[in-house]
Amino acid sequence: MIPQKNQFSEASDWEKPEEEVYRVLSKAEMAELQKNNAIKYPSLSPWRILLAQTALTMLSMVIWSFFGEPRGISVYTQSAFLGGLTSVLPSALFLLRLEAAKKTQQLNPGKFLAALVSGEFIKIVVTLLMFLGVAVLIPGVMWVPLLVTYVLALKCVWLAWFWRRKVINKIEPKD
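Notes on the structure follow. All of these numbers come straight from a predicted model, not from anything done at the bench. (Residues numbered from 1 in each chain as written. Predicted model: local features only at pLDDT ≥ 70, side-chain atom pairs only at ≥ 80, totals over all residues. Heavy atoms only, no water.)

Describing the layout of surface pockets
Considered as a void within the structure, the largest pocket measures approximately 320 Å³ in volume. Around the largest pocket sit 17 residues that line it, and Pro 46, Ser 91, Phe 94, Leu 95 and Leu 98 are the ones nearest its centre. Taken together, the elements giving at least two residues each to the lining of the largest pocket come down to helix 3 (46–65), helix 4 (75–102) and helix 5 (109–137). The biggest single contributor to the lining of the largest pocket is helix 4, with 6 residues. A per-class count over the lining of the largest pocket returns 11 nonpolar, 3 polar and 3 charged. (1 Å grid on protein atoms, 1.4 Å probe; cavity = no way out; pocket = protein on both sides within 12 Å on 5 of 7 lines; lining within 4 Å. Points joined across faces, edges and corners; volume = space filled by probe spheres on them. Helix = DSSP H or I, 4+ residues; strand = E, 2+ residues; numbered from the N terminus. Nonpolar A, V, L, I, M, F, W, Y, C, P; charged D, E, K, R; others polar.)

Written out as structure tokens, the structure is:
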């Protein structure tokens, strides 16, 4: 048995929904909207996250230096440095690709998306090549400090959420 039109649903469910009307904003209106929302939704520079990744790599190197046979720069410290470098260098290349795309004269959403995808591809390829290079070229590397520092540096992106919440909480007082 084939259900009839009004047997299981309201008649309005079968009607074509009305299309939403979108208003195109002028450049001046968009600038004013961004200015008003800048305080409520502050932007966070990705370069700041890269700086945090670098600082966390340095901290990890200091912590791992206590595990080495000669205290100070040891194979543990060098391995932690390589782990941080494996995170920081591809991220820096990705950001440089996006900055280069922003500086082009004819930036449209399609070209920016292409820059984003190609930047991510560069980041993945460089990360894989760095891991392969470390595995092949550095035989005495300690993998635990390398991978721990790599993962910690990657998780610096989570700090952006905390920084953003901290800024918003300063701006919007609690009731």
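Back to the text.
Considerations on the pattern of salt bridges
This model, assessed by the stated rule, comprises 1 salt bridge. Between Glu 99 and Lys 102 there is a salt bridge, and its shortest N-O distance comes to 3.9 Å. Pair noted here: Glu 99 and Lys 102 are both in helix 4, with a separation of 3 residues, about one helical turn. Classification of Glu 99 by relative accessible area gives partly exposed; the value is 25%. (Salt bridge = Lys/Arg side-chain N within 4 Å of Asp/Glu carboxyl O. Buried < 20%, exposed > 50% of the residue type's maximum accessible area, 1.4 Å probe, protein only.)

Purely geometric stuff here, so don't read any function into it on its own.
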